[in-house]
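Coordinate inspection notes
Residues per chain are reported as follows:
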Amino acid sequence: MLFVNPPPTLHPPAATELIEQNSNLSTLGPNKSYRFAAGLTYDWGQDKVFHVLDNTAIYFEENSYVRARVVQTTQKVSDVTISGYGVLDNHYSPVDYDVPGKTDDGSRQTIHILGKNINIFGLTLVNTNEDCAEFGYALNVNANWAPIADYPDDNVFEAGELQNANPPYQPRQAHCQEKNMDDSPNTDFTNCPTSRDDGAKVSFVKAISWQMGQDGINAGKYGTVSDSFIRVVDDAIKPWDSGALYQNIVIWQLPLGWPINLGWWGWTQKDENTVVDSIYLIHNQNWMTSGDWPTTKSGQCVVGGVYGSSSIKSGYRISNIYVETACSCAVGLEISKNAYSRHLTPDGCVGSIQDLQITNMYFDEEFYQTGGYNNFLSGERNPNPGCEGDFAGEISNMVISGVVNGRDLSESDFTIPRPGTVPGLTFQTVDPAPTPIPPPTFTPVSAPTDAPVPIPTVAPTLSPTDAPTVAPTAPPMAEPTSAPTLAPIIPTVAPTVLATARPTNLPTVAPTRAGNKVTVDVVIETDENPQKVIWKIKIGTNVFASGRANGNPYVMPVELDSETEYKFVVIDKNSFKDTFYEVWKEDDVLIAGDGFGRKDINFFQV
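Sequence order as written defines the numbering, with residues in each chain counted from 1. For a predicted model such as this one, the threshold for reporting local features is a pLDDT of at least 70, and the threshold for listing and counting side-chain atom pairs is 80 or more; totals across whole chains, interfaces and linings nevertheless cover every residue. Derived side-chain values reflect all non-hydrogen atoms in the structure, with water molecules and hydrogen atoms excluded from consideration.

All right, on to the overall build of the protein then. Secondary structure is summarised from DSSP: a helix means a run of H or I of at least four residues, a strand means a run of E of at least two, and numbering begins at the N terminus for each. In terms of helices and strands, the protein carries zero helices and 40 strands. To sort residues, take the accessible area from a 1.4 Å probe on protein chains only and compare it with the maximum for the residue type: under 20% means buried, over 50% means exposed, and anything in between is partly exposed. Sorting the 606 residues of the protein into buried and exposed places 60% on the buried side. Here, residues are in contact when the closest pair of their heavy atoms is within 4.5 Å. A sequence separation of at least 24 residues applies to 73% of the contacts in the protein between residues at least 6 apart. As displayed, the protein has an accessible area near 23000 Å², and 50% of this comes from carbon and sulfur atoms. Values of accessible area rely on a 1.4 Å probe in the Shrake-Rupley scheme; residue burial ignores everything except the protein chains shown.

Along the chain, the position of Val 533 falls in strand S34 (residues 533-539). Between the C-alpha atom of Val 533 and that of Gly 547, which follows or precedes it by 14 residues, the distance is 8.5 Å.

The next point concerns the sheet that holds strand S18 (residues 260-261). One key point about sheets: their strands pair by backbone hydrogen bonds, in either a parallel or an antiparallel sense. Whether two strands pair depends on DSSP finding at least two bridges between them. Judged by pairing direction, the sheet is parallel, and its five strands sit side by side in the order S18-S21-S24-S27-S31 without closing on themselves. The open sheet is flanked by S18 and strand S31 (414-415), the only strands paired with a single partner. Where strand S27 (residues 375-378) meets S31, two bridges bridge the pair, whose relative direction is parallel. In the strand pairing of S31, Phe 376 is matched with Thr 415.

The strand order across the open sheet formed by four strands is S19-S22-S25-S28, and the pairing between neighbours is parallel. Of all strands in the sheet, those with a lone pairing partner are strand S19 (270-272) and strand S28 (395-396), marking the two edges. In this structure, strand S25 (residues 353-354) lies alongside S28, joined through two bridges in parallel fashion. Pairing of Ile 353 across the sheet is with Ile 395, part of S28.

A separate point is the pairing of strand S3 (residues 32-36). Of the strand pairs in this sheet, strand S1 (residues 17-18) and S3 are connected by two bridges, and their pairing is parallel. Paired with Glu 17 across the bridge in S3 is Tyr 34. As defined by bridge partners, S3 adjoins strand S6 (residues 56-60) across five bridges and the pair is classed as parallel. Across the sheet, residue Lys 32 finds its bridge partner in S6, namely Thr 56.

With that settled, consider the pattern of salt bridges. Salt bridge criterion: a side-chain nitrogen from Lys or Arg within 4 Å of a carboxyl oxygen from Asp or Glu. Going through the model one piece at a time under the given rule, you end up with 15 salt bridges. Salt-bridge contacts for Asp 89 lead to Arg 67; the nearest nitrogen and oxygen are separated by 3.1 Å. Remark: Arg 67 occurs in strand S7 (residues 65-67) and Asp 89 occurs in strand S9 (residues 87-89); sequence separation between them is 22 residues. Neither residue differs from the other here; Asp 89 and Arg 67 are each classed as buried.

Another aspect to go through is unusual backbone geometry. What you tend to see is this: most non-glycine residues have negative phi, and most peptide bonds are trans. That bond from Gly 29 to Pro 30 is cis: its omega, 5°, falls within 30 degrees of zero. Tracing the backbone through its elements, the reader meets Pro 30 in the loop between strand S2 (27-28) and S3. The peptide bond linking Pro 167 to Pro 168 adopts the cis configuration, its omega dihedral lying at 10°. By secondary structure assignment, the location of Pro 168 is in the loop between strand S12 (139-141) and strand S13 (201-203). One non-glycine residue, Asn 360, lies in positive phi territory at about 55°. Assignment of secondary structure puts Asn 360 in strand S26 (residues 357-363).

Along the chain, the position of Arg 317 falls in strand S23 (residues 317-323). Separated by 72 residues in the primary sequence, Arg 317 and Leu 245 place their C-alpha atoms 9.8 Å from one another. Those residues in contact with Arg 317, other than ones at most four positions away along the chain, are Thr 274, Val 275, Val 276, Asp 355 and Gln 357.

The next thing to look at is the environment of Val 71. Here Val 71 shows up in strand S8 (residues 69-84). Overall, Val 71 belongs to the buried group, its relative accessible area being 1%. Considered as a pair, Val 71 and Ile 111 are 40 residues apart in the sequence and their alpha carbons are 5.7 Å apart. Dropping the residues within four chain positions of it, Val 71 is found in contact with Val 49, Phe 50, His 51, Val 52, Gly 101, Lys 102, Asp 104, Gln 109 and His 112.

Looking now at the confidence of the model for the protein. Confidence in the prediction of the protein, expressed as mean pLDDT, is 82, and 81% of residues score 70 or more. A low-confidence stretch, residues 444-514 stays under pLDDT 50, and its non-local contacts, those more than four residues away or across chains, total 136 contacts. A score between 0 and 100, pLDDT records how confident the predictor is in each residue.

Here, two cysteine sulfur atoms that lie within 2.5 Å of each other are counted as a disulfide. A full pass over the atoms with the stated rule returns three disulfides. For the protein, the disulfide bridges join cysteines in the arrangement 1-2, 3-4, 5-6, where the cysteines are counted in sequence order. Counting only cysteine sulfurs, Cys 329 is the nearest neighbor of Cys 327, a cysteine outside any disulfide, at a range of 6.8 Å. Here Cys 327 falls in the buried class, since its relative accessible area comes to 1%.

The next subject is the pairing of S8. Among the 16 residues that make up S8, 13 are buried, leaving the element largely enclosed by the rest of the structure. Bridge count for strand S5 (residues 49-52) against S8 is three bridges, and the pairing is parallel. Bridge pairing in S8 links His 51 to Val 71. Here S6 runs beside S8; their pairing, made up of five bridges, is parallel. Bridging across to S8, Thr 56 finds its partner in Val 80. Bridging between S8 and strand S10 (residues 111-121) involves nine bridges; their strand directions are parallel.

Before going further, it helps to examine the side chain of Asp 47. Within the secondary structure, Asp 47 is located in the loop between strand S4 (42-43) and S5. Accessibility expressed as a relative area gives 17% for Asp 47, which makes it buried. As used in this structure description, the phrase polar contact means that two N or O atoms lie within 3.5 Å; if the pair is within protein, one of them must be able to donate a hydrogen and the other to accept it, and residues adjacent in sequence are counted only when both atoms belong to side chains. Side-chain polar atoms of Asp 47 contact the side chain of Arg 69, separated by 2.9 Å.

Looking now at the nonpolar core. Core analysis: the biggest nonpolar cluster contains 97 residues, and Ile 82 and Leu 377 have the highest contact counts within it. Among all residues touching Leu 377, those that are not within four sequence positions of it are Val 331, Leu 333, Met 398, Ile 400, Phe 414, Thr 415, Ile 416, Pro 417, Val 422 and Leu 425. Throughout this description, the term nonpolar core refers to a set of buried Ala, Val, Leu, Ile, Met, Phe, Trp, Tyr and Cys residues connected via side-chain atoms within 4.5 Å. Among the nonpolar cores identified, the runner-up in size contains 20 residues, and Trp 535, Leu 560, Tyr 566 and Tyr 581 belong to it.

We now examine the packing of aromatic side chains. Given two aromatic rings, their pairing is described by the distance between the two centres and the angle made by the two planes. Only Phe, Tyr and Trp rings are paired, with Trp represented by its six-membered ring, and only when their centres lie within 6.5 Å; those with planes under 30 degrees apart are stacked, over 60 edge-to-face, the remainder tilted. Evaluated as defined, the whole model comprises 19 aromatic pairs. Geometrically, the ring pair formed by Phe 36 and Tyr 42 is edge-to-face, given 5.0 Å between the ring centres and 90° between the ring planes. Residue Phe 36 is classed as buried on the basis of its relative accessible area of 2%. Using a relative accessible area of 1% as the deciding quantity, one classes Tyr 42 as buried. Considering the side-chain rings of Tyr 85 and Phe 121, the 6.5 Å spacing of their centres and the 25° angle between planes classify their relative orientation as stacked.

So this is what it looks like as structure tokens:
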């Protein structure tokens, strides 16, 4: 399968304003059009964020190359068009970790917009950031797990509120979700899509990344994604919302994530009647990590996820999936109230998945598995009291059909530990002559008569000469003798070695008790930029202690309640990775880690 840009005649919007290469612009619009020109150097030397407003058009000339991001999460906007055969490069780490409207939740979306009539056409989205663990989607519209970013700076939303966390949740304001994060009703649906007519439209977009945690495309409720190419090292497409359409998409899945991920932590609302059709999976190399993720017996299959959402998902139709090389498995889907990323109802219930059809899957080769996982189906195995009906956490009335290397995909290919949580499961034979649904039709960019110069039909260059590259990876055969070798971007520093004993040059602070209090030491050691390491000690979303490392080594005594479990969160902005953290109690290390680059979370008890 070869993906190339189509040769339509595109024109920049009329009366466009040229964005100069050293422009101080940060807000685009409202009611304006802008142009990035080929041949100019759009590189501000740091993370650059453009905020879009209503009725705004942004045009990328062919071969234009812009190191920036486009974000609007502090309000819902309408009628935004981003088009052209240029490149938008998410290259720099953010200066600050969690800033509303820029780095919401500490993630770094290349394009992240809330609203309706959001149109993106032709753009190439790359992430050439060389720092490890800089998470962020290529393209995200109306994310169903995040609030509108109108909260105060001293109470910013972070994903940790929905990771290993149970209700009650904070009263975060929804944007277009039916309910707020605490399950109170959302009453403001201004600039929210109501059908595919005003939902996001994404076509002929190329999303390419080189590192873990950099997802592909989520178009939100009533969004349409068509005729696009995605090559990422995490979930490729995320059909997580009602009424969406994902069609005619080519995917190259690198060693992490699901090509088609069905959800994690969406807030409480109906999620129904989404269609995924004609997906061409040219490589699926996630078998490299399927043995370690997730911790259940499900691998990272072509379709699936560990579903921890309070949304009731129903009526999904996923069909005509073509897998050209060996992959881990076809379907790996589990519903669990203990999913790492989850949003439960106030009673601790997880939504059911009903009437899901995954049909006409075609696998050129047998599954390639490295052990410890399989095709897998399971609903919630131990629902909380009162979690019944739509909130029983069942996978009900599911239909599956596929052909694997000439044989039918069958129930014998699956591990189903609790069949009672998957009632009505049916396996069928594939349609001998599958018929894709008609492709969507829409015009992403107008062609005014006063802009007669057409866009050349040559595809844009993916990256400038100084951007990192990835060595070609040979696809695995049905039974490869060794794993293919990827060439990701890795900083040229020595690997981190965790301390095995308390450093002798650190001051000793003996634990002291004040009633039921215990003093522990937070220790952070790094060779560079210790002032960029932020730490927090939390229970749920409540912060009991926090600080910013300002020396090397850094030691901070903290008084905590005894016999209590705490969550330790470390946020690191270092580009130099020879760093570790520890929490000590007397001469005992309670926790230690080196998961730096974005954020690491660990639990301990004193």
